[in-house]
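Examining the three-dimensional arrangement
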Amino acid sequence: MKFLLLSVMLAGQPLYDTEATCTKAATVINDSYPEQTSICIPAPTVYFEQLEAESTFNNFYDLIIKLRNLPPKEVDILEE
């Protein structure tokens, strides 16, 4: 099971392999910023599905950009 670190001090939600590692990170943030609270929660399976979907979309988008930047091949050039 993976764990998400939830904190308003971070731009995203880091994902940790163990609860101990996540709790250690939360403790460091809580000690450094006592006015903010950071907690660890088990990562929901929906989170992984969203990451996979976003990754697939981003990879496809990157492929389109790379293909658009390729020079045209000889067969693609129209003769007048």
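No experiment lies behind these values; they were computed from the predicted model shown.

With respect to the overall build of the protein
Looking only at helices and strands, the protein features 2 helices and 3 strands. Helices and strands appear in the protein in the N-to-C order β-β-α-β-α. The C-alpha atoms of the protein give 22 Å as radius of gyration, which overshoots the globular expectation for 80 residues (12 Å, by more than 25%). With respect to the three principal axes, the spread of C-alpha positions in the protein is 70 × 25 × 15 Å. Counting over 80 residues, the protein shows a buried share of 14%. Considering only contacts in the protein between residues 6 or more positions apart, those separated by 24 or more positions represent 48%. Accessible area of the protein: about 6,800 Å², with a carbon and sulfur share of 58%. Here the protein holds 5 positive side-chain charges and 12 negative ones, and the gap between their average locations is 5 Å.

Some words on the state of the cysteines
Disulfides are covalent bonds that connect the sulfur atoms of two cysteines. Counted by the stated rule, this structure contains 1 disulfide. Through a disulfide, cysteine 22 is tied to cysteine 40; the S-S separation comes to 2.1 Å. In this structure the cystine formed by cysteine 22 and cysteine 40 twists about its S-S bond by roughly -105°; its chirality is therefore left-handed. Within this pair, whereas cysteine 22 is found in helix H1 (residues 19-32), its partner cysteine 40 is found in strand S3 (residues 39-42), the two being separated by 18 residues in sequence. For cysteine 22, a relative accessible area of 0% corresponds to the buried category.

Focus on a nonpolar patch on the surface
A cluster of nonpolar side chains, namely Phe60, Leu63, Ile64, Leu67 and Leu70, defines an oily patch on the protein surface of about 480 Å² accessible area. Inspection of the secondary structure assignment puts leucine 63 in helix H2 (residues 45-68). Its relative accessible area of 42% is what places leucine 63 among the partly exposed residues.

What counts and what doesn't
- Residues numbered from 1 in each chain as written.
- Predicted model: local features only at pLDDT ≥ 70, side-chain atom pairs only at ≥ 80, totals over all residues.
- Heavy atoms only, no water.
- Helix = DSSP H or I, 4+ residues; strand = E, 2+ residues; numbered from the N terminus.
- Rg over C-alpha atoms; globule rule 2.2 N^0.38 Å.
- Buried < 20%, exposed > 50% of the residue type's maximum accessible area, 1.4 Å probe, protein only.
- Contact = heavy atoms within 4.5 Å.
- Areas by Shrake-Rupley, 256 points an atom, 1.4 Å probe, with all protein chains shown as cover.
- Lys, Arg positive; Asp, Glu negative; His and termini not counted.
- Charge placed at Lys NZ, Arg CZ, Asp CG, Glu CD.
- Disulfide = S-S within 2.5 Å.
- Patch = residues over 30% accessible without salt bridge, like charges linked within 9 Å, V, L, I, M, F, W, Y side chains within 5 Å.
- Salt bridge = Lys/Arg side-chain N within 4 Å of Asp/Glu carboxyl O.

Functional significance is not addressed by these values, which are geometric in nature.
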